[in-house]
Amino acid sequence: MTAEAAHAMTVPPQPATIHPLWLRVTHWINAVAVIIMIGSGWEIYNASPLFAFAFPKSITLGGWLAGALLWHFAAMWLFVLNGLVYVVLGIATGRFRRKLLPLHASEVVADTRLALRGKLPHDDLAAYNALQKLFYIGVIVAGVVVVLSGLAMWKPVQLWWLAAAFGGYEPARFFHFFAMAAIVGFTVIHVVMAFVVPKALRAIILGR
Ligand code: HEM
């Protein structure tokens, strides 16, 4: 028996990588950027609320409007550049096509039924179920809307065509708010699920 064959028999095979390094790095940079963007965004919202409520000061970031704007614009670069890397690599490596598509309405209905009965299996971490696909595609779309509506509000004169695409400056604020709400809703469910399925949490940290 060769030394390689003996080695292969004694060393257990390494589990396959589920999440490549680029995905894990962009995922965790995104998580930090999103927390900063949301905390500072809530403080900016409080300075001129769209609705009849304000976010409690204890869960906002920046202390006051100007401080929150500094945090918001600093984290925006992180969020946008990191998001671009994730989307470009997701398309270029074929990951989006392999992991997030195809998505059929019938599978979403079937997996929702299973989830409501607590019977949605989580044994194969390499394949997302239809609900995960729907949520991940949804949060990527919400991320695009939040960035574009933010740009429309930031430079409404230079990017007048973008502001016009949202129906003007004021409607862009509503798009921005509801896209934020979708991201917050996603994140709450997502983090709960990560702790319900700890091996998925390990995989998004260690890769396998
Ligand atoms: C802060 C705490 C977070 C935790 C603990 C967490 C945990 C996880 C875990 C465990 C997975 C792998 C799921 C699986 O294999 O079944 C994952 C994937 C993912 N997470 Fe998070 N996440 C967090 C924040 C976020 C945020 C803030 C976003 C976006 C707003 C996000 C977006 C995603 C996306 C899109 C994927 C799928 C990536 C892909 O396969 O292309 N996560 N996350």
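Residues numbered from 1 in each chain as written. Predicted model: local features only at pLDDT ≥ 70, side-chain atom pairs only at ≥ 80, totals over all residues. Heavy atoms only, no water.

## Regarding the overall build of the protein
Stage number 1. A count of helical and extended segments in the protein gives nine helices and zero strands.
Stage number 2. In sequence order, the secondary structure elements of the protein are arranged as α-α-α-α-α-α-α-α-α.
Stage number 3. For the protein, the spread of C-alpha atoms along the principal axes amounts to about 75 × 40 × 35 Å.
Stage number 4. When the 208 residues of the protein are sorted by exposure, 33% land in the buried category.
Stage number 5. In the protein, the share of contacts with a sequence separation of at least 24, taken over all contacts with a separation of at least 6, comes to 67%.
Stage number 6. Total accessible area on the protein is roughly 12800 Å²; 75% of this is exposed by carbon and sulfur atoms.
Stage number 7. Each charge class in the protein can be summarised by its mean position, and for the 15 positive and 7 negative side chains these summaries are 1 Å apart. (Helix = DSSP H or I, 4+ residues; strand = E, 2+ residues; numbered from the N terminus. Buried < 20%, exposed > 50% of the residue type's maximum accessible area, 1.4 Å probe, protein only. Contact = heavy atoms within 4.5 Å. Areas by Shrake-Rupley, 256 points an atom, 1.4 Å probe, with all protein chains shown as cover. Lys, Arg positive; Asp, Glu negative; His and termini not counted. Charge placed at Lys NZ, Arg CZ, Asp CG, Glu CD.)

## A word on the nonpolar core
Stage number 1. By size, the foremost hydrophobic cluster in this structure holds 18 residues, and its most contacted members are Ile38, Phe55, Phe79, Phe177, Met180 and Ile183.
Stage number 2. Only helix 2 (21-47), helix 3 (65-92), helix 6 (130-154) and helix 8 (169-196) provide two or more residues apiece to this core.
Stage number 3. It is helix 2 that provides the largest number of residues to this core, a total of seven residues.
Stage number 4. The residues contacting Met180, other than those within four sequence positions of it, are Ile38, Trp42, Phe55 and Val146.
Stage number 5. Residues Met153, Ala163, Phe166 and Ala172 belong to the second largest nonpolar core, which totals six residues. (Core = buried A, V, L, I, M, F, W, Y, C linked by side-chain atoms within 4.5 Å.)

## Focus on the layout of surface pockets
Stage number 1. Empty space within the second largest pocket amounts to approximately 760 Å³.
Stage number 2. Gly41, Ile44, His72, Met153 and His176 are the residues nearest the centre of the second largest pocket, which is lined by 28 residues in total.
Stage number 3. Breaking the lining of the second largest pocket down by element, the ones donating at least two residues are helix 2, helix 3, helix 6 and helix 8.
Stage number 4. Counting residues per element, the lining of the second largest pocket draws most heavily on helix 2, at seven residues.
Stage number 5. In the lining of the second largest pocket, the residues fall into 22 nonpolar, five polar and one charged. (1 Å grid on protein atoms, 1.4 Å probe; cavity = no way out; pocket = protein on both sides within 12 Å on 5 of 7 lines; lining within 4 Å. Points joined across faces, edges and corners; volume = space filled by probe spheres on them. Nonpolar A, V, L, I, M, F, W, Y, C, P; charged D, E, K, R; others polar.)

## What about the site of the ligand?
Stage number 1. The full set close to the ligand counts 22 residues, and His27, Tyr86, Arg95, Tyr128 and His190 are the nearest of them.
Stage number 2. A distance of 2.7 Å separates an oxygen atom of the ligand from a polar atom in the side chain of Tyr86.
Stage number 3. Mapped by element, the contributors of at least two residues to the shell around the ligand are helix 2, helix 6, helix 8 and helix 9 (198-206).
Stage number 4. Residue composition of the shell around the ligand, grouped by class: 15 nonpolar, six polar and one charged. (Near = heavy atom within 4 Å. Polar contact = N/O pair within 3.5 Å; in protein donor to acceptor, adjacent residues only side chain to side chain.)

## Thoughts on the side chain of Asn129
Stage number 1. Of note, Asn129 is situated in the loop between helix 5 (105-116) and helix 6.
Stage number 2. For Asn129, a relative accessible area of 12% translates into the label buried.
Stage number 3. Among the polar contacts made by the side chain of Asn129, one reaches the main-chain amide nitrogen of Gln132 at a distance of 2.8 Å.
Stage number 4. Asn129 has contacts with Asp111, Leu120 and His122, leaving out every residue within four places of it along the chain.

## Examining the side chain of Asn82
Stage number 1. By the element assignment, Asn82 lies in helix 3.
Stage number 2. According to the relative accessible area criterion, Asn82 is buried, its value standing at 7%.
Stage number 3. A polar contact is formed between the side chain of Asn82 and the backbone oxygen of Thr26, at a distance of 2.9 Å.
Stage number 4. Filtering out sequence-adjacent residues up to four positions away, Asn82 remains in contact with Thr26, Ile29, Asn30 and Trp77.

## Comments concerning unusual backbone geometry
Stage number 1. Across the junction of Leu101 and Pro102, the peptide omega takes the value -10°, indicating a cis bond.
Stage number 2. Tracing the backbone shows Pro102 in the loop between helix 4 (95-100) and helix 5.

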